Amino acid sequence: MDNKQTRRGRQRGHTLPEVMIAGSLSFVISAAIMQTFLWAGRQSNLCSKIAWSQGEAMRTSGKLEGYIRNAKSVSAIDESQGNWVEVRFTNGASSRFTYYPTAPREGRIYLTRPNAPETLIAQGLTRIMTDSGYPTPMFTKINDRAIRVCYRVSEPTQSGTRSSDDQAYSACARFGVCLRNAPY
């Protein structure tokens, strides 16, 4: 009887190999859960940046379209680099949209009217690059009644600057605007 009780007493705990296997499995499962959690955090951050960039591109393109659409004619345009376009309205007033590449990935488009201060239309812009590495013009005259506008925008980093590797979340805005008041 004594011998049976001692054997049962020894069998109450786990052996060292059992503890090591259980610890290893716990570590592997914990590592997998942690990797999944970190991946989900990175994906959430990326989705947030994509949403911001797309929202900003839609907002700024809507502003530019609204201004340019009401013009009567294109009075002047920067043919060499495409940095500005000047439009004339039915009342004879003119406005100029100018792209200023102020700092890397911090370009801005301003609206300039006679006898009025410059108005900031869009910021955080860069040019869209072609496949061969050349920048496309910001403003291009399609014909006497239409202008094409092209730019890219991306969310700034937490420090407020633009990231140099923002291809994953930047948004490109390419649109044409017909001048609704242009003569036929």
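Residues numbered from 1 in each chain as written. Predicted model: local features only at pLDDT ≥ 70, side-chain atom pairs only at ≥ 80, totals over all residues. Heavy atoms only, no water.

Engineer: Hey, could you run me through the overall build of the protein in this one?
Structural biologist: Check the secondary structure of the protein and you find two helices and eight strands. Within the protein, contacts between residues separated by at least 24 positions form 50% of all contacts whose residues are at least 6 apart in sequence. Here the protein has roughly 12000 Å² of accessible surface; of this, 55% comes from carbon and sulfur atoms. (Helix = DSSP H or I, 4+ residues; strand = E, 2+ residues; numbered from the N terminus. Contact = heavy atoms within 4.5 Å. Areas by Shrake-Rupley, 256 points an atom, 1.4 Å probe, with all protein chains shown as cover.)

Engineer: What should I look at first to understand the pairing of strand S4 (residues 107-112) in this one?
Structural biologist: Strand residues, when the strand is regular, have side chains that alternate between the two faces of the sheet. Bridge count for strand S3 (residues 94-100) against S4 is five bridges, and the pairing is antiparallel. Each residue of the ladder has a partner; that of arginine 96, found in S4, is threonine 112. By the bridge criterion, five bridges tie S4 to strand S5 (residues 119-126) in an arrangement that is antiparallel. Residue isoleucine 109 lies in a different strand from S5, and its bridge partner there is alanine 122. Here S4 folds back onto S5 in antiparallel fashion, the turn holding six residues, of which asparagine 115 has a positive phi close to 60 degrees. (Pairing = 2+ DSSP bridges.)

Engineer: Looking at this structure, how should I read the environment of tyrosine 110?
Structural biologist: By the element assignment, tyrosine 110 lies in strand S4. Sequence-wise, tyrosine 110 and tryptophan 84 are 26 residues apart; in three dimensions their C-alpha atoms are separated by 9.4 Å. Other than its neighbours up to four places away in sequence, tyrosine 110 contacts Arg96, Phe97, Thr98, Tyr100, Glu118, Thr119, Leu120 and Ile121.

Engineer: What's the story with the packing of aromatic side chains in this structure? I'm lost.
Structural biologist: Describing an aromatic ring pair means giving the distance of the ring centres and the angle of the ring planes. Under the criterion given, the structure shown has three aromatic pairs. Each ring, one from tyrosine 151 and one from phenylalanine 175, has its centre 6.4 Å from the other, and the planes form 90 degrees; the classification is edge-to-face. Placement of tyrosine 151 in strand S7 (residues 146-153) and of phenylalanine 175 in strand S8 (residues 171-178) is noted, with a sequence separation of 24 residues between them. Sitting over the ring of tryptophan 84, arginine 96 keeps its end group 3.8 Å from the ring centre. (Phe/Tyr/Trp six-rings, centres within 6.5 Å; stacked < 30°, edge-to-face > 60°. Lys NZ or Arg CZ within 6 Å of the ring centre and 35° of its normal.)

Engineer: Whenever I open this one, the environment of alanine 173 confuses me. Can you help?
Structural biologist: In this structure, alanine 173 sits in strand S8. Taking the C-alpha atoms as reference, alanine 173 lies 5.6 Å from cysteine 150; in sequence the two are 23 residues apart. Aside from chain neighbours lying at most four places away, what touches alanine 173 is Ala57, Ile128, Val149, Cys150 and Tyr151.

Engineer: How do you make sense of the pairing of S8 when you look at a structure like this?
Structural biologist: Burial along S8 is one-sided: the residues Ala171, Ala173, Phe175 and Val177 are buried and none of Cys172, Arg174, Gly176 and Cys178 is. Note that S7 and S8 share eight bridges and pair antiparallel. Bridge pairing links tyrosine 151 to alanine 173 in S8. (Buried < 20%, exposed > 50% of the residue type's maximum accessible area, 1.4 Å probe, protein only.)

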